[in-house]
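Reading the structure
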Amino acid sequence: MVLWALEDAQAGKPTLIYPLRDLLGFAVWVASYMGDTMEYHGGRYSLGVGGRFEPVQRKGKAGSAGGVGPDARLRGD
């Protein structure tokens, strides 16, 4: 309001993005409640009892031995 009172030509332009930013933040917040698993560094995890991250067991896929992911050799599994 102060910039408008001083007749600054650029006063209102940066504030036009705020409603879009708030809408996007709300959409991300709603989407955070949609799933129960996540991917992190090539592994799938779920949120367990007490807020602990637990690995999700993968079922066997074509091209992998017994459901072991391609990064298992790096971890020593």
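See the structure printed just above.
In this report, we go over the structure that sits alongside the text. (Residues numbered from 1 in each chain as written. Predicted model: local features only at pLDDT ≥ 70, side-chain atom pairs only at ≥ 80, totals over all residues. Heavy atoms only, no water.)

**A few points about the overall build of the chain**
The condition that has to hold: The helix and strand labels rest on DSSP assignments: H or I over at least four residues marks a helix, E over at least two residues marks a strand, and numbering proceeds from the N terminus. Accessible area is worked out with a 1.4 Å probe on protein chains only. A residue is then buried under 20% of its type maximum, exposed over 50%, and partly exposed in between. By definition in these notes, contact holds between two residues if any of their heavy atoms fall within 4.5 Å. Residue-level accessible areas treat just the shown protein chains as cover; the underlying method is Shrake-Rupley with a 1.4 Å probe.
Of regular secondary structure, the chain possesses 3 helices and 3 strands. The buried share of the chain, reckoned over its 77 residues, is 10%. The long-range fraction of contacts in the chain, counting pairs at least 24 apart against all pairs at least 6 apart in sequence, stands at 6%. Total accessible area on the chain is roughly 7,200 Å²; 63% of this is exposed by carbon and sulfur atoms.

**Section: the sheet that holds strand β3 (residues 53–55)**
Counted only if it meets this: Strand pairing is assigned whenever DSSP identifies at least 2 bridges connecting the two strands. Whenever a helix is involved, its axis is fitted only over the stretch in contact; in every case the axis is a line through C-alpha atoms, and angles between N-to-C directions fall within 0 to 180 degrees.
Pairing within the open sheet is antiparallel, and its 3 strands lie in the order β1-β2-β3. On the outer flanks of this sheet lie β1 (37–40) and β3, each paired with one strand and no other. Recorded for the sheet is a direction-independent mean angle of 40 degrees between the axes of neighbouring strands. Inspection of the sheet shows β1 paired to strand β2 (residues 43–47) by 4 bridges, in the antiparallel sense. Bridge pairing in β2 links glutamate 39 to arginine 44.

**Things to note about the side chain of serine 46**
Relative to the elements of secondary structure, serine 46 occurs in strand β2. Classification of serine 46 as buried rests on a relative accessible area of 18%. If we skip the residues at most four places from it in the chain, serine 46 touches Asp36, Thr37, Arg52, Phe53, Glu54 and Val56.

**Structural notes on the packing of aromatic side chains**
What counts is decided by this rule: When two rings of Phe, Tyr or Trp (its six-membered ring) have centres within 6.5 Å they constitute a pair, described as stacked for plane angles under 30 degrees, edge-to-face for angles over 60, and tilted for the intermediate range.
What the rule picks out here adds up to 2 aromatic pairs. Where tryptophan 29 meets tyrosine 33, the ring centres are 5.5 Å apart and the plane angle is 80 degrees; that geometry is what we call edge-to-face. The structure contains a cluster of three or more aromatic residues connected by ring pairs, namely Phe26, Trp29 and Tyr33.

**Some thoughts on the pairing of β2**
Count of turn residues in the β1/β2 antiparallel hairpin: 2 residues, of which histidine 41 carries a positive phi of about 50 degrees. Between β2 and β3, which follow one another and run antiparallel, lie 5 residues, and glycine 50 among them has a positive phi close to 75 degrees.

**Details of the pattern of salt bridges**
As a reminder of what qualifies: Counted as salt bridges are all cases of a side-chain nitrogen of Lys or Arg within 4 Å of a carboxyl oxygen of Asp or Glu.
Enumeration according to the criterion identifies 2 salt bridges in this entry. Close ionic contact of arginine 21 with aspartate 22 constitutes a salt bridge, the shortest N to O distance being 3.6 Å.

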